[in-house]
Amino acid sequence: MGETFLKLLEGLPLTLKLTFSSVTLGLVVAMALATMRMSGMPALDWFARAYVFVFRGTPLLVQIFLIYYGLGQFRPALQALNLWGFFREPYWCALLALTLNTAAYVSEIIRGGLQSVPRGQIEAARACGMSPFLLYRRIIIPIAVRQALPGYGNEIILMVKATSLASIITMMEVTGIAHKLISQTFRAIEIFICAGAIYLILNFVVTRAIQALEHRLSPHLRDAPVPVQRLDPAISSGVDR
Amino acid sequence: MTLLSTPAVSVRDLRKSFGSLEVLRGISLDAAEGQVISILGSSGSGKSTMLRCINMLETPDAGEIAIGGEVIALRKGRNGRTEPANRSQVDRIRSRVAMVFQSFNLWSHLTVLENVIEAPIHVQKRPRAECIAEAEALLAKVGIVDKRNHYPAHLSGGQQQRAAIARALAMKPQLMLFDEPTSALDPELVGEVLRVMRSLAEEGRTMLVVTHEMGFARDVSSRVVFLHKGMVEEDGPPGEVFSAPTSPRFRQFISEHR
Ligand SMILES: Nc1ncnc2c1ncn2[C@@H]1O[C@H](COP(=O)(O)OP(=O)(O)OP(=O)(O)O)[C@@H](O)[C@H]1O
Ligand SMILES: [Mg+2]
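Reference entry: report on the structure contained in this document.

Calculation notes
- Residues numbered from 1 in each chain as written.
- Chains lettered and ligands numbered in written order.
- Predicted model: local features only at pLDDT ≥ 70, side-chain atom pairs only at ≥ 80, totals over all residues.
- Heavy atoms only, no water.
- Helix = DSSP H or I, 4+ residues; strand = E, 2+ residues; numbered from the N terminus.
- Rg over C-alpha atoms; globule rule 2.2 N^0.38 Å.
- Contact = heavy atoms within 4.5 Å.
- Areas by Shrake-Rupley, 256 points an atom, 1.4 Å probe, with all protein chains shown as cover.
- Phe/Tyr/Trp six-rings, centres within 6.5 Å; stacked < 30°, edge-to-face > 60°.
- Buried < 20%, exposed > 50% of the residue type's maximum accessible area, 1.4 Å probe, protein only.
- Pairing = 2+ DSSP bridges.
- Axes fitted to C-alpha atoms, helices over the stretch in contact; angles between N-to-C directions.
- Core = buried A, V, L, I, M, F, W, Y, C linked by side-chain atoms within 4.5 Å.
- Near = heavy atom within 4 Å.
- Polar contact = N/O pair within 3.5 Å; in protein donor to acceptor, adjacent residues only side chain to side chain.
- Nonpolar A, V, L, I, M, F, W, Y, C, P; charged D, E, K, R; others polar.
- Buried area = accessible area lost by both parts, 1.4 Å probe.
- Salt bridge = Lys/Arg side-chain N within 4 Å of Asp/Glu carboxyl O.

**Here's the deal with the overall build of chain B**
Thinking step 1. Summing up its helical and strand segments, chain B has 9 helices and 12 strands in all.
Thinking step 2. Here the C-alpha radius of gyration of chain B, 18 Å, is about what a compact globule of 258 residues would show, namely 18 Å.
Thinking step 3. Summarising its shape, the C-alpha atoms of chain B cover approximately 50 × 50 × 40 Å along the three principal directions.
Thinking step 4. Counting contacts in chain B only where the partners sit at least 6 residues apart, residues at least 24 apart contribute 63% of the total.
Thinking step 5. Carbon together with sulfur atoms contributes 49% to the accessible area of chain B, which is approximately 11,100 Å² in total.

Encoded structure:
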């Protein structure tokens, strides 16, 4: 069992790399999508809506297949565009699919966070002369981030698990290695339990990290500070020195 | 004598509709430096809309607003509606006109002290240390300096409104707008906020106060303006308008609000 575990851990760096890269890039794409949604320009808004509709409405597995196998059919065209080197690699295809998929969900999380900022607080900021940029930087974004954090944490956890689908296109991350071991040893239960345990530990760490961040960013949602007892200066200086 | 000096705020023939609903139908109003004007009127008469036009939270359809003699420039936008001609002028004027809201609207992610120093530091770009010192003095003045490190959610309504008043004062405003500052408060908390507002009036601050507090209108304000269906129905010193109202509607309003 220990040996199996160690073997599976060899896939951990790839799992982490796929998660970290897709979550980071996905956030950037998501911000662009959320901006389009709220731009008030019909063409951009429509594009972002359609994007979210398609990527949320179809299975990630289908998206991975379409990008890896589907685009393979257009090899001459991709070669002409100098993109074949990218789409030939299963790693880049998996990363692209994961990124585009998470971006759709995260853009909705961002939009929900921004819309949750109470109107009155925005008006108070405008009423004291904040420019739109300052209003976003000092009021809207800080409040929206706190609102969106739990949902965003959820999305990261889903992404950790979603990287296992990359094994379908030959990626040797944790699940990919598990498949390989099973075909060699036929000890399916033991191996899948070990693989499951690795994802569990990973997501435990993610959950804790998000919780810590939430705690740090949300003192206003906790109990009021306990009034500090003022010590008699004479006594406290006596204690200190 | 007030005719010779520039009024702190001057409103000329202000008009505003929401869709087909005409909310303001030609309002004119001058407030001299140091005047406290109470604005009365039944629900829906346009009091909030008028106040919000003065700092451009709503854009008037027509009319002219001048703050300390500076006329807010408006123009017709592409869609045919009026819009501010110059955004930075609006921001500049807003930083001189403070507003206190019925629902306080403190920024929930900032402590009381951070709420008070936010705009002075980031909008007026004044030195942080100076802003903190002033903020603590203002919080002491409104009686909540011991709550400076609390978040709004940890304060009573009355304390939140006093914090909001300190936040408004921190901008060193030329004009203060109050939109029903005590209407969201439990009855026992109204007094503490009114006391702070009374002390501001005694300092000679120019204030436009939308209120249902007849006592405040009668005792503190230098003038009372009664709005009805988007028009000024009564305008005069409280001593005159309360004892001898010229408008029958205002007479009825008084009798309903004893
Ligand atoms: N943003 C808006 N869109 C559409 N209608 C509005 C808007 N703001 C106000 N109104 C309408 O304009 C009218 C006047 O509103 P306003 O808030 O100025 O009244 P008010 O005198 O402040 O009343 P209250 O005492 O209830 O606060 C109301 O009928 C209101 O429904
Ligand atoms: Mg109102």
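Moving on from the coordinates now.
**Describing the packing of aromatic side chains**
Residues and elements named next belong to chain A.
Thinking step 1. If you walk through the whole model with that rule in mind, you get 11 aromatic pairs over all chains.
Thinking step 2. With a centroid separation of 4.8 Å and an interplanar angle of 65°, the aromatic rings of Tyr-68 and Tyr-69 are classed as edge-to-face.
Thinking step 3. Under the relative-accessibility criterion, Tyr-68 is labelled buried at 18%.
Thinking step 4. Residue Tyr-69 is classed as partly exposed on the basis of its relative accessible area of 44%.

**A look at the sheet that holds strand β5 (residues 70-71) of chain B**
All names here are of chain B.
Thinking step 1. Pairing within the open sheet is antiparallel, and its 4 strands lie in the order β2-β1-β4-β5. The sheet is open, and its two edges are formed by β2 (21-31) and β5, each paired on a single side.
Thinking step 2. Where strand β1 (residues 9-18) lies against strand β4 (residues 62-67), 5 bridges are found, and the strand directions are antiparallel. Following the sheet pairing, Arg-15 is matched in β4 by Ala-62.
Thinking step 3. Contacting β1, β2 and β4, helix α1 (residues 47-54) crosses the sheet at an angle of about 120° to β1.

**Observations regarding the nonpolar core**
Thinking step 1. Ranked by internal contacts, the top residues of the largest apolar core, which has 101 residues, are Leu-8 and Met-130 of chain A together with Met-50, Ile-54, Ile-67 and Leu-208 of chain B.
Thinking step 2. In terms of residues, this core owes the most to one element, helix α9 (residues 132-162) of chain A, which gives 13 residues.
Thinking step 3. For Ile-54 of chain B, the contacting residues outside a window of four places in its chain are Val-9, Val-11, Ile-65, Ile-67, Ile-72, Leu-175, Leu-177 and Leu-208 of chain B.
Thinking step 4. Listed in part, the 39 residues of the second largest apolar core include Leu-113, Ala-163, Ala-164 and Ala-166 of chain B.

**Brief notes about the site of ligand 1**
Residues and elements named next belong to chain B.
Thinking step 1. In the vicinity of ligand 1 lie 13 residues, with Ser-43, Gly-44, Lys-47, Ser-48 and Thr-49 positioned nearest.
Thinking step 2. The backbone of Gly-44 places a nitrogen or oxygen atom 2.9 Å from an oxygen atom of ligand 1.
Thinking step 3. Separating an oxygen atom of ligand 1 from a side-chain N or O atom of Lys-47 is a distance of 2.7 Å.
Thinking step 4. When isolated, ligand 1 has an accessible area of 630 Å², and the protein chains bury 59% of it.
Thinking step 5. Among the secondary structure elements, those contributing two or more residues to the shell around ligand 1 are β2 and α1.
Thinking step 6. Element by element, the count of residues in the shell around ligand 1 is highest for α1, at 3 residues.
Thinking step 7. Classifying every residue of the shell around ligand 1 gives 3 nonpolar, 8 polar and 2 charged.

**A word on the interface of chain A and chain B**
Thinking step 1. In this complex, chain A contributes 24 residues to the contact, which on the side of chain B involves 25 residues.
Thinking step 2. Summing the contributions of chain A and of chain B, the shared interface buries around 2,200 Å²; its carbon and sulfur component is 58%.
Thinking step 3. At the boundary of chain A with chain B, the tally comes to 2 salt bridges.
Thinking step 4. Of the charged contacts in the structure, one is a salt bridge between Glu-123 of chain A and Arg-52 of chain B, with a shortest N-O distance of 2.7 Å.
Thinking step 5. The interface formed by chain A and chain B holds 7 residue pairs in polar contact (both at pLDDT 80 or more) in total.
Thinking step 6. Residue assignment for the side of chain A that touches chain B shows that the elements contributing at least two residues are α8 (119-127) and α9 of chain A.
Thinking step 7. Here the residues of the side of chain A that touches chain B are counted per class, giving 12 nonpolar, 5 polar and 7 charged.

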